[in-house]
Amino acid sequence: MTEHADGLKRYSVVVIGGGAGGTSVAARLRRLNPALDMVVIEPAEYHYYQPGWTLVGGGQFSAERTRRRVRDCIPASIEVIAERVESFDPERNALLLSSGATLNYRLLVVAAGIQLDWDAIEGLTETLGRNGVTSNYRYDLAPYTWQCIQAFRGGSALFTQPPMPIKCAGAPQKILYLAADYFKQHGISADLRFFTPGATMFGVPFYAQALDQVMAQYGASALFGHRLVKVDGPAKTAYFEFVANGNTTLQTVPFDLLHVVPPQSAPTFIKRSPLADAAGWIEVDKNTLQHKRYANIFGLGDCTSTPNSKTAAAVKNQMPVVVANVMRALTGQGAEAHYDGYASCPLTTSSRRVMLAEFCYDGVVQTSFPGDSRAPRRIFWWLKKTFLPFLYWRVVMQGRLWPIVHKPRAVPEALPPIEP
Ligand SMILES: Cc1cc2nc3c(=O)[nH]c(=O)nc-3n(C[C@H](O)[C@H](O)[C@H](O)COP(=O)(O)OP(=O)(O)OC[C@H]3O[C@@H](n4cnc5c(N)ncnc54)[C@H](O)[C@@H]3O)c2cc1C
């Protein structure tokens, strides 16, 4: 860092966000160049392993295992500024922080995640964590999901999905399967319903059909074209807008348990910045992850315009691309790296098996393991519960690389036997 006479600080690389994308990029850059002057800007005290929250809600993992202090996750030699970025001035390579201070950068990496718009659903904030209304999308609420599942004595259990894009598009239904499995094992009769504004269970048709089978095996119904708009916690009633043939109606549904996934959007400070595309996301090239209008800015993770599924699995494969292209911009050396849109979604079809959905841009299925990936497998449960947390904390967040092995594989058109 260079400090100018006027007190302005200038860094070679500034990273916004100390979550999955920011931490992994900073750690990798530090490995490649120990002398690089770099700073991470992260206002939160904790870094969360959010993929673990589905398991917390399903009673399979403790919440404590999913969080670590930001300062403990980022190499000690990297400065961390515990502030929010308020705004960007890309013409001057400058950022404004919440303290009012300004920073200058040579290269900027933006990994600020996605915003959860809880208040977009009337009455939700007031009742979250009470009246059987819960969400795995918050660290403090995921344990309440498990309490609600255990306390459920039968009746109506509703699970909602908001309009896309959201982080981990599979998470709204994963918890339905974990709850359904628990109820089945305990002989509890439940009217299980999944409400989504979409028209299928999953954005990739290859997996959607297999998930229809999983739903059928639990006797759960999917209600397409439905969007949650209001919750009355004390009256245990959810309100949905249902759109069919251009007509919108309001439906009232009583519940005993309601798992809500909130609507999501680009963080407000990005939406209103010159870095955003029309929808508010950091506008990067989907292959190089370099900003389309500002060549010294890169983006990764949930806050960008890339049309991949927003997951930590995507971050794992975006990180080496951003790092290679940042190093290239710094040194003028090395080949341009490209991201192929890879993401994976371990769908917990029960508390024993996982369907490991893997795909690249345009929903092209490419998998890391032989066999038909639509079949839920026990080994993938182990992968989800044991291996992936290790891969996250010990490999990717420490700036290490893991081999990328996904590829197209021939599988029969007919569905394999689906045993959740
Ligand atoms: C319930 C749930 C289940 C999931 N399951 C899976 C799964 O099974 N598999 C999978 O691969 N992914 C899963 N995900 C998604 C995964 O967690 C995210 O895609 C991943 O964390 C994205 O990384 P990121 O760096 O973009 O964002 P994050 O990890 O969210 O980090 C963003 C960081 O930016 C910081 N920030 C925000 N605003 C500012 C600002 N103004 N200035 C500076 N910093 C700021 C935030 O404090 C945060 O620390 C799941 C997520 C949830 C919630």
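All figures in this text were calculated on a predicted structure; none of them were measured in a lab.

On a plain count of helices and strands, the protein comes out with ten helices and 22 strands. Its C-alpha atoms give the protein a radius of gyration of 22 Å, within 12% of the compact-globule value 22 Å for 420 residues. Summarising its shape, the C-alpha atoms of the protein cover approximately 70 × 50 × 45 Å along the three principal directions. Nonlocal contacts in the protein, meaning residues at least 24 apart in sequence, comprise 65% of its contacts between residues at least 6 apart. Looking at charge distribution, the protein has the averaged site of its 42 positive side-chain charges lying 7 Å from that of its 34 negative ones.

Here the focus is the packing of helix α1 (residues 20–32) against helix α9 (residues 312–331). Between α1 and α9, whose axes approach to 9 Å, the crossing angle comes to 45°. Looking at the two axes, α1 sits oblique to α9. As for the relative orientation of α1 and α9, their crossing is right-handed in sense. Each of Ala20, Gly21, Ser24, Val25, Arg28, Leu29 and Leu32 in α1 lies in contact with α9, whose residues at this interface are Val315, Met319, Val322, Val323, Val326 and Met327. Here the contact of α1 with α9 is built from residues that sort into ten nonpolar, two polar and one charged.

A separate point is the site of the ligand. The environment of the ligand is formed by 34 residues, the closest being Gly21, Glu42, Lys174, Asp302 and Ala313. In the model, an oxygen atom of the ligand is placed 2.7 Å from a nitrogen or oxygen of the Gly21 main chain. Interatomic distance of 2.8 Å between a backbone N/O atom of Asp302 and an oxygen atom of the ligand. Contributions of two or more residues to the shell around the ligand are made by α1, α2 (53–57), α6 (171–185) and α9. Ranked by residue count, the leading element in the shell around the ligand is α9, at three residues. Of the residues contributing to the shell around the ligand, the split by class is 18 nonpolar, nine polar and seven charged. Shared between two domains, the shell around the ligand takes at least three residues from each, and those domains are domain 1 (2–114 + 266–331) and domain 2 (116–264).

In terms of domain boundaries, the protein breaks down into domain 1 (2–114 + 266–331), domain 2 (116–264) and domain 3 (343–398). For domain 1 and domain 2, the distance between their C-alpha centroids amounts to 31 Å. Across the boundary between the two partners, domain 1 contributes 17 residues, which contact 19 residues of domain 2. Interface of domain 1 and domain 2: buried area, both sides summed, is about 1,600 Å²; carbon and sulfur atoms make up 65% of it. Of all residues in domain 1, Trp53, Thr54 and Ile114 bury the most surface against domain 2, accounting for 37% of the area lost on that side. The interface formed by domain 1 and domain 2 contains four residue pairs in polar contact (both at pLDDT 80 or more). Take the side of domain 1 that touches domain 2: its biggest share by element is four residues, from α2. Within the side of domain 1 that touches domain 2, the residues separate by chemical class into six nonpolar, seven polar and four charged.

Let's shift gears to the sheet that holds strand β15 (residues 226–232). Pairing in this open sheet of three strands is antiparallel, and the strands run β15-β16-β17 from one edge to the other. Each edge of the sheet is formed by a strand with only one pairing partner; in this case those strands are β15 and β17 (247–254). Adjacent strand axes in the sheet meet at a mean angle of 25° when their direction is disregarded. Where strand β16 (residues 237–244) and β17 come together, eight bridges link them in antiparallel fashion. The residue of β17 that forms the bridge with Phe242 is Thr249.

Bringing helix α7 (residues 205–218) into the picture now. Taking 1.5 Å of rise per residue, the 14 residues of α7 would be expected to cover 20 Å, and the 20 Å separating its terminal C-alpha atoms lies within 8% of that figure. All of the buried residues in α7 are Phe206, Tyr207, Ala208, Ala210, Leu211, Val214, Met215 and Tyr218. Each element contacted by the buried residues of α7 is listed here: α6, β13 (190–196), β14 (221–224), β21 (343–348) and β22 (354–359). Directly beyond the C-terminal end of α7, a positive phi value near 70° is found at Gly219.

For the rest of this paragraph, the subject is the side chain of Thr348. Of note, Thr348 is situated in strand β21. Given a relative accessible area of 0%, Thr348 falls into the buried group. A distance of 3.4 Å separates a polar side-chain atom of Thr348 from the backbone oxygen of Lys174.

The next thing to look at is the packing of aromatic side chains. Taken as a whole and judged by the stated rule, the model has 21 aromatic pairs. Plain terms: the ring middles of Tyr48 and Tyr139 are 5.2 Å apart, the flat faces sit at 45° to each other, and that makes the pair tilted. Placement of the pair is Tyr48 in strand β4 (residues 46–48) and Tyr139 in the loop between β11 (133–134) and α5 (142–151), with a sequence separation of 91 residues. On the basis of relative accessible area, Tyr48 is assigned to the partly exposed category, the value being 25%. For the ring pair Tyr339 and Tyr361, a centre distance of 5.6 Å and an interplane angle of 75° mean the geometry is edge-to-face. In this pair, Tyr339 sits in the loop between α9 and β21 while Tyr361 sits in the loop between β22 and α10 (378–395), placing the two residues 22 residues apart along the sequence. The exposure class of Tyr339 is buried, given its relative accessible area of 2%. Through a chain of ring-to-ring contacts, the aromatic side chains of Tyr46, Tyr48, Trp53 and Tyr139 assemble into a single cluster.

Conventions adopted
- Residues numbered from 1 in each chain as written.
- Predicted model: local features only at pLDDT ≥ 70, side-chain atom pairs only at ≥ 80, totals over all residues.
- Heavy atoms only, no water.
- Helix = DSSP H or I, 4+ residues; strand = E, 2+ residues; numbered from the N terminus.
- Rg over C-alpha atoms; globule rule 2.2 N^0.38 Å.
- Contact = heavy atoms within 4.5 Å.
- Lys, Arg positive; Asp, Glu negative; His and termini not counted.
- Charge placed at Lys NZ, Arg CZ, Asp CG, Glu CD.
- Axes fitted to C-alpha atoms, helices over the stretch in contact; angles between N-to-C directions.
- Parallel < 35°, antiparallel > 145°, perpendicular 65-115°, else oblique.
- Left-handed = near helix turned anticlockwise from the far one by under 90°.
- Nonpolar A, V, L, I, M, F, W, Y, C, P; charged D, E, K, R; others polar.
- Near = heavy atom within 4 Å.
- Polar contact = N/O pair within 3.5 Å; in protein donor to acceptor, adjacent residues only side chain to side chain.
- Domains from an automatic or database assignment.
- Buried area = accessible area lost by both parts, 1.4 Å probe.
- Pairing = 2+ DSSP bridges.
- Expected span 1.5 Å × (residues − 1).
- Buried < 20%, exposed > 50% of the residue type's maximum accessible area, 1.4 Å probe, protein only.
- Phe/Tyr/Trp six-rings, centres within 6.5 Å; stacked < 30°, edge-to-face > 60°.

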